Structures are given as structure tokens and as C-alpha cells.
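Residue-level structure breakdown
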Amino acid sequence: MKHHPLRLRGIFAAIVFASFGHAALSADLAPSAGSPMATQSPWQVRLRALGVITRDNGSVDGISGSGLSYSDTVIPEADISYFFTDNISAELILGTTYANVHGEGSIAGLGEIGKTWLLPPTLTLQYHFTDFGAFQPYLGAGVNYTVFYNQSGKSADSLDVKNTFGVALQAGFDYMFDEHWGANLDVKKIFLRPDFDATVGGADVSGKAKLDPWLVGAGVTYRF
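The rules behind the values
Residues numbered from 1 in each chain as written. Predicted model: local features only at pLDDT ≥ 70, side-chain atom pairs only at ≥ 80, totals over all residues. Heavy atoms only, no water. UniProt positions renumbered as here; feature names shortened; annotations may be inferred. Buried < 20%, exposed > 50% of the residue type's maximum accessible area, 1.4 Å probe, protein only. Helix = DSSP H or I, 4+ residues; strand = E, 2+ residues; numbered from the N terminus. Pairing = 2+ DSSP bridges. Phe/Tyr/Trp six-rings, centres within 6.5 Å; stacked < 30°, edge-to-face > 60°. Lys NZ or Arg CZ within 6 Å of the ring centre and 35° of its normal. Core = buried A, V, L, I, M, F, W, Y, C linked by side-chain atoms within 4.5 Å. Contact = heavy atoms within 4.5 Å. Salt bridge = Lys/Arg side-chain N within 4 Å of Asp/Glu carboxyl O.

Per an unreviewed UniProt entry, the protein goes by OmpW family protein and derives from Rhizobium mesosinicum. Among the UniProt annotations of the protein, the heading Sequence similarities (unreviewed entry) holds the following wording: "Belongs to the OmpW/AlkL family."

Observations regarding the pairing of strand 2 (residues 57-60)
Each regular strand displays side chains that alternate between the two surfaces of the sheet. A one-sided burial pattern is seen for strand 2, the buried positions being Gly58 and Val60 and the unburied ones Asn57 and Ser59. By the bridge criterion, four bridges tie strand 2 to strand 14 (residues 203-210) in an arrangement that is antiparallel. Bridging from a neighbouring strand, Ser59 pairs with Lys208 of strand 14.

Some thoughts on the packing of aromatic side chains
Considering all chains together, one arrives at eleven aromatic pairs under this definition. Aromatic side chains Phe132 and Phe135 sit 6.4 Å apart centroid to centroid with 65° between the ring planes, which places their arrangement in the edge-to-face category. One Lys or Arg, Lys115, reaches over the ring of Tyr98 and ends 4.5 Å from the middle of that ring.

Observations regarding the nonpolar core
In terms of nonpolar packing, the biggest core is built from 23 residues, with Leu68, Tyr70, Leu118, Leu159 and Phe196 touching the most fellow members. At the level of elements, strand 1 (43-53), strand 3 (66-70), strand 6 (97-105), strand 7 (112-119), strand 10 (158-161) and strand 13 (195-200) are the ones that each hand at least two residues to this core. Residues within four places of Tyr70 in sequence aside, it is in contact with Thr54, Arg55, Asp56, Asn57, Gly58, Ala99, Asn100, Val101, Ala209, Lys210 and Leu211.

Digging into the environment of Leu125
Looking at the secondary structure, you find Leu125 in strand 8 (residues 122-128). The exposure class assigned to Leu125 is exposed, which follows from its relative accessible area of 52%. Sequence-wise, Leu125 and Ser89 are 36 residues apart; in three dimensions their C-alpha atoms are separated by 5.9 Å. Excluding anything up to four places from it in sequence, Leu125 contacts Phe84, Ile88, Ser89, Leu139, Gly140 and Ala141.

Quick look at the pattern of salt bridges
One pass over the full model with this rule turns up 14 salt bridges. Residue Asp160 is joined to Lys162 by a salt bridge in which the shortest nitrogen-to-oxygen separation is 2.7 Å. A relative accessible area of 32% places Lys162 in the partly exposed class. Here Asp212 makes a salt bridge to Arg193, at a shortest N to O gap of 3.0 Å. Of the two residues, Asp212 sits in the loop between strand 14 and strand 15 (214-223) while Arg193 sits in the loop between strand 12 (181-191) and strand 13, which places them 19 residues apart along the sequence. Assessed through its relative accessible area of 38%, Arg193 is described here as partly exposed. By sharing partners, the salt bridges in this structure join Arg46, Arg48, Glu77, Asp79, Glu91, Asp174, Asp186 and Lys188 into a single network.

Overview of the pairing of strand 15
Strand direction decides the pairing type here: strand 1 and strand 15, joined by ten bridges, are antiparallel. Looking at strand 15, one finds that Ala49 is bridged to Ala218. Where strand 12 meets strand 15, nine bridges bridge the pair, whose relative direction is antiparallel. Bridge pairing in strand 15 links Lys188 to Leu215.

What follows is the structure, encoded as C-alpha cells:
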């Protein structure tokens, strides 16, 4: 079967046009050559030493002048980040710590009431400022869900701190030595106010623990 020369040239022109159009569209969607996203993976990890500094506040319901305080700790912490763009990322913070709970004010005579471990995974959405070269500051905000586990009473017969959500605010910076490695300083404030139940001397009591910790961390950054 023979094809007319004009028809063949028309088909050839259509194929060439479609090919160039596809290439142009692909170029528009691809990251620019000067963008870090053009050469780097969107994944990043950090390892930090983290100071957990609690706010010593809280009370036992129905006991006037009662107060609570909590121990501060230093723990290892890891986080995983995913960059949607050069400026926007999401970060999941992972770590675990404990708090010794002490009576204050009118219940100071109880001393150490008990101890609880905390698993506080925190997810933040961050904005990274990219106009300062190796110095790359960021701000973030997100949500925390703290799980309290392995709880025990001391002067209390039992202690049960309830799992709860909290709001997290964040500020920090990376100083990048090259395209992969950097140093990190990070500060978070978590608004964490769980309810608790306890049994003291055979009497059931309840209240609210206002921990509201500052999380101050320093460590290393690795961008894949």
C-alpha cells in the first residue's frame, strides 16, 4: 500500500512537534540547575543531643496550694525530614525520656511522687530560608502526641499520666559544610499538659501536670 508524500511529511512533522513539546514541558517541570533539589535527595536526617527542660507547674484537684515539679533530662534524639521544595519540609522528631514527679507547695512533704517515661513523637512543617549561603535558618510549627508508659509510684501508691496531644513551635538552623554534612542547633517549645490519676495513702486523686517543655538540641545534619 502506497502513502502520499504530503501525508508522510505531515505525519513526520506532527511527531517532531509532539517530541519537542514533550521535552519543553519536561524542562518546565524539572528543578532548575541552580536549585539544591536538582542534585540532592529530598530526604534528610539529624542526630542531636537534646536537653528536655520542663516547666515546674501543675496541681492536684481539691488540694489548695498544691504544686508539681519534674526532673530535666539530656537524651539522644533523631529526626527525619522530607523536603517538598527548597524552602518547605516536614520533620518527624523521635526520642524518649523520663520525668520524676515531685510534690511542691502544700504537698511538698510527699517528695518524689512517682516516675513516668515519655514517648513524644512530634511532626512539624518547616520553612527554610535559603538566601544566606551555608547558614540555613528555619522556623516550624506542628503537633505532638505524647505517650506515657512504664509508670510507677514512689510516695504515691500508683501514678497514671494520660496520653495527650500538644502544639509544638520550633526555630533553628543548619550550617552546611558541604552539600551533605552540616551542624544543627534547634529549639522547640511543646505545650504539654496531660491529666493524671494517682493513689496516695489509699485515696484516689487527680490533677493536671503542666510540663510545657523546652527541647534544646545540637547535633549533625546529613542530607542524602
